[in-house]
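Inside the fold
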Amino acid sequence: NGEVNVSQLRKVDVADLLGREQIQVDLESIMGYVQDKVVLVTGGGGSIGSELCRQLASNRPKMLIIFDIYENGAYDIQQELRRSHPELHLEVLIGSVRNSRRVNRVFETYHPDIIYHAAAHKHVPLMEDSPNEAIKNNVLGTWKVAEAAVTYGAEKFVMISTDKAVNPTNIMGASKRICEMIVQSYNGKGKTDFVAVRFGNVL
């Protein structure tokens with residue numbers, strides 16, 4: 001009769017908003033290779049980086065290193081992981097991927113086996129207004145971390161890219177496409193296995 005009451009409402013599941021079938025990810029098989037490894041996450045205090053750190057912490061790395069220029073985000077994930085994973089060997093370091101000396105010191109000190117490179121400027125409208133900063137942080141930062149990975153013999157370098165790198169129409173997307181090209185060019189230079197993954201907007 002067109003009338004609706006509260007008892008007919010149900011809780012909305014986030015999958016209802018997806019618009020397609022949900023993909024079931026077997027995180028255990030994906031994350032299994034980080035066990036007993038020294039893992040570095042650049043941009044580990046950011047939205048994607050911090051979620052990566054949560055997943056990594058559950059898979060028993062030998063050490064997890066969070067590297068971020070933004071101390072608030074790094075501090076928040078540090079405190080969360082200390083509570084949820086007190087057994088985790090966690091190092092939280094403040095610094096910029098633009099700074100070759102700082103990046104090299106991190107690699108020289110900790111010799112990470114696996115690098116997840118999530119450090120980037122990602123907001124499209126802000127990067128349109130400050131394109132030079134997008135290039136300095138995203139492109140030069142990726143290049144410097146990739147160079148350190150080869151120099152110090154890391155096993156794997158995983159770059160977190162974006163679907164906006166596909167036929168880019170904005171500065172942020174173009175900068176990330178250049179990052180992908182850097183990663184492709186470094187694969188095969190040394191023993192480090194370089195890969196890039198593109199994340200869309202993630203619910």
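Residues numbered from 1 in each chain as written. Predicted model: local features only at pLDDT ≥ 70, side-chain atom pairs only at ≥ 80, totals over all residues. Heavy atoms only, no water.

Description of the overall build of the chain
- Looking only at helices and strands, the chain has seven helices and six strands in total.
- Ordering the α and β elements of the chain from the N terminus gives α-β-α-β-α-β-α-β-α-α-β-α-β.
- Seen through its C-alpha atoms, the chain measures out along the principal axes to roughly 70 × 45 × 30 Å.
- Split into buried and exposed, the 203 residues of the chain put 39% on the buried side.
- Counting contacts in the chain only where the partners sit at least 6 residues apart, residues at least 24 apart contribute 73% of the total.
- With the model as given, the accessible surface of the chain reaches about 11,800 Å², and the carbon-plus-sulfur share is 51%. (Helix = DSSP H or I, 4+ residues; strand = E, 2+ residues; numbered from the N terminus. Buried < 20%, exposed > 50% of the residue type's maximum accessible area, 1.4 Å probe, protein only. Contact = heavy atoms within 4.5 Å. Areas by Shrake-Rupley, 256 points an atom, 1.4 Å probe, with all protein chains shown as cover.)

Observations regarding the pairing of strand S2 (residues 63–68)
- Summarising burial for S2: six of the six residues are buried, a large majority.
- Along S2, one buried face is formed by Met63, Ile65 and Phe67 and the opposite face, lined by Leu64, Ile66 and Asp68, is buried too.
- Taken together, the five bridges between strand S1 (residues 38–42) and S2 define a ladder with parallel strand orientation. Directly across from Leu40, in S2, lies its bridge partner Ile65.
- As for the winding sense of the linkage, the β-α-β connection from S1 through helix H2 (residues 47–57) to S2 is right-handed.
- For S2 and strand S3 (residues 90–94), the ladder comprises five bridges, and the chain directions are parallel. When the sheet's bridge partners are listed, Ile66 is paired in S3 with Val92.
- Crossover S2 to S3 through helix H3 (residues 71–84) is right-handed. (Pairing = 2+ DSSP bridges. Right-handed = clockwise from strand over helix to strand, strands pointing away.)

Brief notes about the pattern of salt bridges
- Going through the model one piece at a time under the given rule, you end up with nine salt bridges.
- Arg98 is paired through a salt bridge with Glu133; the nearest N and O atoms lie 2.7 Å apart. Residue Arg98 is located in the loop between S3 and helix H4 (100–110), and its partner Glu133 is located in helix H6 (residues 131–151); the two are separated by 35 residues in the primary sequence.
- The shortest N-O distance in the salt bridge between Asp163 and Lys164 comes to 4.0 Å. (Salt bridge = Lys/Arg side-chain N within 4 Å of Asp/Glu carboxyl O.)

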